[in-house]
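Listed below are the residues making up each chain.
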Amino acid sequence: MSLLTSICVFLTISSSFVDSSRILCFFPNPSKSHVLLAMPICDELAARGHQVISVTNFKFKNSSPNIRQIFIERPGFEADLFGKLSSGETKPSPTFFKQVSDQYRGDAIATFQSAEFQKIMKTEKFDLVFFIPVFFNNVQLGIADHFKAPWIGLSTVGNSLGIRHFTGSLSLPATVPSFFMHMHGKMSFVERVKNFLFIILEYFMTFYMDRIQRAEYSEHFPAKKYRSYDEMIANNSLIFLNQHFADTEIIRPLLPNEVEIGGIQIKTKPSPLEGELREFLDNSTHGAILWTFGSNLPVSTTQPDKVDIMLKVLSRRKERVVMRWESDDFSRLPKNALGVKWLPQDSILAHPKVKLFIGHGGLGGVGEAKYHQVPILGFPFFGDQDGNVQKITQEGWGRGMKLFNVTEEAFEEILNDLLTNKKYRENVKKYSDKYRDRIASALNTAVFWVEYVLKHHGAPHLQYPGKDLNFIQRHSLDVLGLFSIIFIVILKFFAFLFGICCGKKSKIAQVKADKKKK
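No experiment lies behind these values; they were computed from the predicted model shown.

Caption draft 1: Quick peek at the environment of N57. Here N57 shows up in the loop between β2 (51–56) and β3 (67–71). Judged by its relative accessible area of 5%, N57 is buried. With sequence-adjacent residues up to four places away left out, N57 is seen in contact with F27, P28, N29, F71, I72, R74, D107 and T111. At a separation of 2.8 Å, a polar atom in the side chain of N57 contacts the main-chain amide nitrogen of N29. A polar side-chain atom of N57 sits 2.7 Å from the main-chain carbonyl oxygen of I72.

Caption draft 2: Fine view of the sheet that holds strand β1 (residues 22–27). Pairing in this open sheet of 7 strands is parallel, and the strands run β3-β2-β1-β4-β5-β6-β7 from one edge to the other. For this open sheet the edge positions go to β3 and β7 (258–260), each flanked by a neighbour on one side alone. Averaged over all adjacent pairs, the angle separating strand axes in this sheet is 20°, with direction ignored. As paired elements, β1 and β2 share 6 bridges and run parallel to each other. Across the sheet, the residue bridging to R22 is Q51, located in β2. On the sheet, helix α2 (residues 32–47) packs against β1, β2, β3, β4 (128–131), β5 (151–155) and β6 (236–241) and is oriented at approximately 170° with respect to β1.

Caption draft 3: Structural view of the nonpolar core. In terms of nonpolar packing, the biggest core is built from 36 residues, with W291, M323, I358, L377, F379, F411 and L415 touching the most fellow members. Breaking this core down by element, the ones donating at least two residues are α3 (79–87), α4 (94–113), β8 (288–291), α12 (304–315), β9 (320–324), β11 (354–359) and α16 (408–420). Each residue touching I358, except ones within four places of it in the same chain, is listed here: I289, L290, W291, T292, M310, L377, F379, F411 and L415. The next biggest cluster of nonpolar side chains, apart from the first, holds 33 residues, and it includes M121, I163, F221 and Y229.

Caption draft 4: View of the packing of aromatic side chains. One pass over the full model with this rule turns up 20 aromatic pairs. The interplanar angle of 85° and the centroid separation of 5.2 Å between the aromatic rings of F27 and F130 together place this pair among those described as edge-to-face. Remark: F130 occurs in strand β4 and F27 occurs in strand β1; sequence separation between them is 103 residues. No difference in accessibility class separates F27 from F130, as the two residues are buried. Taken together, a centroid distance of 5.8 Å and an interplanar angle of 70° make the contact between Y217 and Y229 edge-to-face. A residue pair is termed long-range when its members are at least 10 positions apart, and Y217 in helix α8 (residues 189–220) and Y229 in helix α9 (residues 229–234) qualify at 12 residues. Take Y217 and Y229: they sit in the same class, and that class is buried. Here a set of aromatic residues connected by ring pairs shows up, and it is made of F26, F117, F131, W151 and F166. Over the ring of Y435 we find K370, and its NZ or CZ is 5.9 Å from the ring centre. In this structure, R438 is placed above the aromatic ring of Y435, and the distance from its NZ or CZ to the ring centre is 4.7 Å.

Caption draft 5: Spotlight on the packing of helix α14 (residues 363–371) against helix α17 (residues 422–436). Interaxial distance between α14 and α17 falls to 8 Å at its minimum, and their mutual angle equals 105°. By the angle between their directions, the pair α14 and α17 is classed as roughly perpendicular. Seen from α14, the contacting residues are G367, A369, K370 and Y371; seen from α17, they are V428, Y431, S432, Y435 and R436. Of the residues assigned to the contact of α14 with α17, the class counts are 5 nonpolar, 2 polar and 2 charged.

Reading guide: rules and limits
- What you see as residue numbers is a count from 1 along each chain, following the sequence as written.
- This being a predicted model, a pLDDT of at least 70 is required before a residue's local features are given, and a value of 80 or more before pairs of side-chain atoms are given or counted; all residues contribute to the totals for chains, interfaces and linings.
- To get the side-chain values, all heavy atoms of the structure are used, and hydrogens and water are removed first.
- The secondary structure listing takes helices from DSSP runs of H or I that are at least 4 residues long and strands from runs of E that are at least 2 residues long, numbered from the N terminus.
- Burial classes follow relative accessibility: with a 1.4 Å probe on protein chains only, a residue under 20% of its type's maximum area counts as buried, one over 50% as exposed, and anything between as partly exposed.
- We call two residues in contact whenever any of their non-hydrogen atoms come within 4.5 Å of each other.
- Pairs of N or O atoms within 3.5 Å make up the polar contacts considered here, provided that, within protein, one atom can donate a hydrogen while the other can accept it, and that residues adjacent in sequence are counted only when both atoms are side-chain atoms.
- When DSSP finds at least two bridges between two strands, those strands are taken to pair.
- For helices, the fitted axis covers only the stretch in contact; all axes are lines through C-alpha atoms, and the angles between them, taken along N-to-C directions, range from 0 to 180 degrees.
- Nonpolar cores were defined as sets of buried Ala, Val, Leu, Ile, Met, Phe, Trp, Tyr and Cys residues, with membership established by side-chain atoms within 4.5 Å.
- Pairing of aromatic side chains here covers Phe, Tyr and the six-membered ring of Trp, requires ring centres within 6.5 Å, and sorts the geometry by plane angle: under 30 degrees stacked, over 60 edge-to-face, intermediate tilted.
- Here, a charge over a ring is recorded when the distance from Lys NZ or Arg CZ to the ring centre is within 6 Å and its angle to the ring normal is within 35 degrees.
- Oblique is the label for any angle not covered by the other classes, which are roughly parallel (under 35 degrees), roughly antiparallel (over 145) and roughly perpendicular (65 to 115).
- Any residue that is not Ala, Val, Leu, Ile, Met, Phe, Trp, Tyr, Cys, Pro, Asp, Glu, Lys or Arg is counted as polar, Gly included; the first ten are nonpolar and the last four charged.

Next up, the structure:
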């Protein structure tokens, strides 16, 4: 090897060390689909030379020697909560969200208290900490202060009020719908009244959850050693939002450190299918249907009587059905169905033979179906799924129904309509074009901003000054209060002067009257 070549190799290696950062991806989560949104970012950061440690409750294949995975097993959703989720009858409410938050916080606390993670806290150093989700799961933020590192987060539910609470961005009831309002586009007067009331409810819910989490935070990250709960909330460098304006079509004000990365899990060049799954789809002469209720709800055990009705109807179809089937008992499946315990959903939707996606209306699946131009039959269960399916129906590239309402006749009618009416395919192509049209892919956008935060040591210049203001200050209620006081004082002053003037005039008039009498 020549001297010049040796010098070039040395400089290349040296520059990679200079540019390389240590990143902790802390992803304890009962929902695998949420973690799948963030893992591509970790993989790409590792591929670019950063040293990444990911802490999850799920096992993933390592994509790079620069990523080290710490698997800490957790039992998943509690039986009572899972029953509510799978019923399809759960409505967004403070009680439900508290129960969800309890589950997420419990997983986070158990994970950072584990022996494996305690060892990391004692021996490792990091330049950045990446959290998912940042949604009523704020006790984990003390980890970033432990490592004296800036933190970024990913919101799986988009720009909800709880997320705006981090950045200080405005909540505008006249234009931005509450999480509880399944609204898209402009609101009528009545809808704006409802939205105003729901946003007040969200504020109370956020303040209530903050009280709970502040106490937990103080217990695990005491004030003698760590910054306060409020300081850590306000100290975020960046929040990734699992949304895109062409997907939600709700135009809302975003701050520079609120970055939309909706569709982050979608590959512009999907991974090729292999083995039985590829052969099954390639040989689907009359097309294929994909059926899954996501990572949280097993089709095989969710409302089995209704699922059996759907299987019966599908057995009469010419199309083949690929479905996520978690059970080892395949006897319930018809001959034209292939059950697989875990599906490469994005790659399947990209297959040209797939004509319909039967799903639960989660943001991830909706984005993938829109990108790959596949109509949806949505069965929403909880969270934002109802609103997502309503929006799909309004846009005309899918339909929805509740699983507990399924009958043989109703399911057959909606299935026939979606598979034979060309309007659904035509409409989804139109929306797909808008969804695909970006200056950069969601993954490249996300990685750029992570490296931006690293390069600028937390990028404090992105932070909005309004985040340090409370509700009264942020909405200028204190200023309006001062103006009101000044206005009242001026009114009283003029009233006082008027009273004096009137008093003097009355006295003068009285004196004149008395003189006339005399």
